Amino acid sequence: MTDISDEDLKVLVETMGKALGLPIGDDNASIVEAHLRVAFKMADFVGTFPLSDESESATVFSA
Amino acid sequence: MSFDPVLAEAHEVAAAVRSGALSARAVVEAHLARIAKHDAKLGAYTAVLKDRALVQADGIDAKRARGDALGELAGVTFAVKNLFDVAGLPTLAGSKINAEHVPKTTDAFLVRQLIAQDAILLGALNMGEYAYDFTGENQHYGPSRNPHDPDHMSGGSSGGSGTSVAAGMAHLSLGSDTNGSIRVPSSFCGLFGLKPTYGRLSRGGSYPFVASFDHLGPLARSPMDLALSYDAMQGADPHDPMQAKRPASPVSVLLHGGLAGLRIASLQGYFATGATADAYAAVAHVAEALGTDRKAEILEAARARAAAYLITMTEGASLHLDQLRTRAGDYDLDVRDRLIAGAMVPGIWVDRAQKFRRWYRDEVMKLFQDVDVLLAPSTPLRAPRIGQKMMTLDGVDMPVRANIGIFTQPISFIGLPVVSVPVWTKGERLPIGVQVITAPWREDHALRVAQALATSGACRAPVAALD
């Protein structure tokens, strides 16, 4: 996923912006793309951790 | 009066007010004068409640004159990050948009708990917009500055909470900590800061950021002041559904228990790489003062930080989505575009992050079978200059704003209690903090360690010398 090209990322941000009704324009598109690329990197890192199929989510969390 | 009520610690002031050696009004007037003199430059407060504070002070003095018992925090001044509800004020949460909100009619739960012990609310404090910040900077209200060197950051997002206490403009402050926002300003401003166990203190009456990570807690100039305020704030609140159903567990009576029986280790691996030498020297200083050379390692901490990053940006985006559609131009630009990116993160990534979170929590709990206390840097560096965008850590250039919390995020990710303790190095103008981390619900262990460090002089939190 981190291999996504700059052009594909630009299209993704533009399309998602339209789908979600979020303001993407010349003033912020490249910044949003940069933040999303960092998120991709983080997601790749988390996603490669081997979890069992039975893993439970911590969505409702208690320490 | 044998001491200056501005320079004295909270517990000393409370004792003086209870004994009649000092009036609550004198305490408040001294603080209001200091705020009037210095806050225009430091930017800690967004609202000063002069009349309310004086009325409350007079009420406390009248109680004492009648012979009524006074609370544990009698005459102690405090202020709160402006994401706490305060009667008569809109809850800004550092934003321009929330300034249009209707003023609140009641105080947040924790504010009421402190006032019930006769602490006096001085006002609301500046913060990074919507708590998505580690710097203490704010495009709408200006930066909260570091009192020990105003050209440098206070740290965030509870920036005003750090500035106010370090500047002697309040004895205590309350902050919130989602990914490090109590521990970072504690580190940069040289304070003791407590992030309790997730679910311990009610968040009722506070503006959220990332509900599954949000904690509230105090910043102070001594471990005893943290303990007294923490004890006062415990208690059940039906308005926070995530508050743990546990009885109050007072810690101030345990504070002088010493280090006997505590197994203390410095964290290696992730927590011992990628920071400045200052950060590691601070951990070594604390370990030496505690007489320990034991080491421990939390596996997969880097991945925990990555998972926290993903959950933060998506939960934050979810909270702000509607407002981003209609008021995007009114956001701090540094905050807005991260939230917009967070709205585009696929749900499967967040699910993976939440599943990893449970695995990681279980692994860290195993570590606490062999140790009671873990030490790690609070921040990878001393406070950067205000406006600084990039920093170099371990030879790598990286953005300041996103990376100040690299050592705090893997800990709050699983809700562990932490006291950040301040370390001063000879010749350095700015302090740096060390995290004292314990197992869930063992705030007493962290505070005992902090007290031992304060008693030995290894850690201290002086009021800044202001011009």
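Residues numbered from 1 in each chain as written. Chains lettered and ligands numbered in written order. Predicted model: local features only at pLDDT ≥ 70, side-chain atom pairs only at ≥ 80, totals over all residues. Heavy atoms only, no water.

Engineer: Would you take a moment to explain the nonpolar core for this structure?
Structural biologist: For soluble globular proteins, the rule of thumb is that nonpolar side chains tend to be buried together. All names here are of chain B. The biggest cluster of nonpolar side chains holds 146 residues, and the ones touching the most others in it are Ile298, Leu374, Leu375, Phe413 and Val421. Per element, the largest residue contribution to this core is 11 residues, and it comes from helix H9 (residues 301–327). In this structure, Ala24, Val27, Leu42 and Leu125 belong to the second largest nonpolar core, which totals 26 residues. (Core = buried A, V, L, I, M, F, W, Y, C linked by side-chain atoms within 4.5 Å. Buried < 20%, exposed > 50% of the residue type's maximum accessible area, 1.4 Å probe, protein only. Helix = DSSP H or I, 4+ residues; strand = E, 2+ residues; numbered from the N terminus.)

Engineer: In this structure, what is going on with the sheet that holds strand S13 (residues 432–438) of chain B? I would like to understand it.
Structural biologist: Residue and element names in this part refer to chain B. Pairing is mixed across the open sheet formed by 11 strands, whose spatial order is S1-S3-S2-S4-S6-S5-S12-S13-S9-S7-S8. Only two strands of the sheet have a single neighbouring strand rather than two, namely strand S1 (45–48) and strand S8 (295–296). In terms of strand pairing, strand S4 (residues 172–177) meets strand S6 (residues 215–220) through five bridges, oriented antiparallel. If you follow Leu174 over to S6, its bridge partner there is Pro218. (Pairing = 2+ DSSP bridges.)

Engineer: Can you help me understand the interface of chain B and chain A in this one?
Structural biologist: Reports often express the size of an interface as the amount of accessible area lost when the parts come together. On the side of chain A, 35 residues touch chain B, which itself brings 41 residues to the contact. Surface buried jointly by chain B and chain A totals about 3400 Å² across both partners, of which 73% is contributed by carbon and sulfur atoms. Area buried by chain B at its contact with chain A is led by B:Arg303, B:Met344 and B:Trp349, which between them contribute 21% of it. Where chain B meets chain A, there are one salt bridge. Linking B:Arg336 and A:Asp27 is a salt bridge whose minimum nitrogen-to-oxygen distance equals 3.8 Å. At the boundary of chain B and chain A, one finds seven residue pairs in polar contact (both at pLDDT 80 or more). Among the elements of the structure, H9, helix H10 (333–343) and helix H11 (347–367) of chain B are those that each provide at least two residues to the side of chain B that touches chain A. (Contact = heavy atoms within 4.5 Å. Buried area = accessible area lost by both parts, 1.4 Å probe. Salt bridge = Lys/Arg side-chain N within 4 Å of Asp/Glu carboxyl O. Polar contact = N/O pair within 3.5 Å; in protein donor to acceptor, adjacent residues only side chain to side chain.)

Engineer: Sorry, what's going on with empty space enclosed by the protein here?
Structural biologist: One way to see where empty space is left: roll a probe the size of a water molecule over the atoms. Residue and element names in this part refer to chain B. Applying the stated rule across the entire model yields three cavities of 30 Å³ or more. Looking at the largest cavity, its volume works out to about 160 Å³. Taken together, 15 residues line the largest cavity, and the ones lying closest to its centre are Tyr132, Phe134, Asn179, Arg338 and Gln409. Only H9 and helix H12 (400–403) provide two or more residues apiece to the lining of the largest cavity. Tallying contributions element by element places H9 first for the lining of the largest cavity, with three residues. Space inside the second largest cavity adds up to approximately 70 Å³. Lining of the second largest cavity is provided by 13 residues; of these, Thr197, Gly199, Arg200, Leu201 and His215 occupy positions nearest its centre. The class makeup of the residues in the lining of the second largest cavity is five nonpolar, four polar and four charged. (1 Å grid on protein atoms, 1.4 Å probe; cavity = no way out; pocket = protein on both sides within 12 Å on 5 of 7 lines; lining within 4 Å. Points joined across faces, edges and corners; volume = space filled by probe spheres on them. Nonpolar A, V, L, I, M, F, W, Y, C, P; charged D, E, K, R; others polar.)

Engineer: Help me out: how do you make sense of the environment of B:Gly162 in this one?
Structural biologist: Residue and element names in this part refer to chain B. Structurally, the position occupied by Gly162 is in helix H5 (residues 159–166). Looking at Gly162, the relative accessible area reads 0%, which means it is buried. Expressed as a C-alpha distance, the spacing of Gly162 and Ser144, which sit 18 residues apart in the sequence, is 8.6 Å.

Engineer: What exactly am I supposed to notice about the layout of surface pockets here?
Structural biologist: Quantified by volume, the largest pocket comes out at close to 840 Å³. Along the walls of the largest pocket sit 31 residues, with A:Val38, B:Arg305, B:Pro399, B:Ala402 and B:Asn403 positioned nearest its centre. Taken together, the elements giving at least two residues each to the lining of the largest pocket come down to helix H2 (29–47) of chain A together with H9, H10, strand S11 (396–399) and H12 of chain B.

Engineer: Where do I start with the packing of aromatic side chains in this structure?
Structural biologist: The geometry of two aromatic rings is summed up by the distance between their centres and the angle between their planes. Taken as a whole and judged by the stated rule, the model has 14 aromatic pairs over all chains. Here A:Phe49 and B:Phe356 contribute two aromatic rings whose centre-to-centre distance is 5.1 Å and whose plane-to-plane angle is 80°, an arrangement assigned as edge-to-face. Here A:Phe49 is found in the segment after H2, whereas its partner B:Phe356 is found in helix H11 on a different chain. B:Phe356 matches A:Phe49 in its accessibility class, with the two residues each being buried. When the centroid spacing of 5.2 Å and the interplanar angle of 85° are considered together, the rings of B:Tyr270 and B:Phe271 count as edge-to-face. (Phe/Tyr/Trp six-rings, centres within 6.5 Å; stacked < 30°, edge-to-face > 60°.)

Engineer: Explain the pattern of salt bridges to me, please; I cannot follow it from the model alone.
Structural biologist: Any two side chains of opposite charge can pair, on the condition that their charged atoms come close. All names here are of chain B. According to the stated counting rule, one finds 26 salt bridges over all chains in the structure shown. When the shortest N-O distance is used, the salt bridge between Asp330 and Lys96 registers 3.2 Å. Highlighted residues: Asp330 in the loop between H9 and H10 and Lys96 in the loop between strand S2 (77–81) and helix H4 (109–116), separated in sequence by 234 residues. A relative accessible area of 17% means that Asp330 is categorised as buried. For Asp362, the salt bridge identified is with Arg361, shortest N-O distance 3.6 Å.

Engineer: Before we go on, may I ask you to explain helix H3 (residues 50–66) of chain B in this structure?
Structural biologist: Because an α-helix completes one turn every 3.6 residues, residues spaced three or four positions apart along the sequence face the same direction. Residues and elements named next belong to chain B. Between its first and last C-alpha, H3 extends 24 Å over 17 residues, near the 24 Å set by a 1.5 Å rise per residue. Looking only at H3, the buried set comprises Ala53, Leu54, Gln56, Ala57 and Ile60. What you see down the axis of H3 is that its buried residues fit within an arc of 165°, all on one side. Along H3, the residues that are exposed and aim more than 90 degrees away from the buried face are Asp51, Val55, Ala65 and Arg66. Structurally, H3 contributes buried residues whose contacts are with helix H1 (10–19), helix H2 (24–42), H4 and strand S3 (120–125). A positive phi of about 90° marks Gly67, the residue just after H3. (Expected span 1.5 Å × (residues − 1). Arc of directions from axis to C-beta.)

Engineer: Whenever I open this one, the environment of B:Ala402 confuses me. Can you help?
Structural biologist: Residues and elements named next belong to chain B. On the secondary structure map, Ala402 appears in helix H12. Considering only alpha carbons, one finds Ala402 and Asp133, 269 residues apart in sequence, at a separation of 7.8 Å. Beyond its immediate sequence surroundings of up to four residues, Ala402 is in contact with Phe134 and Arg305.

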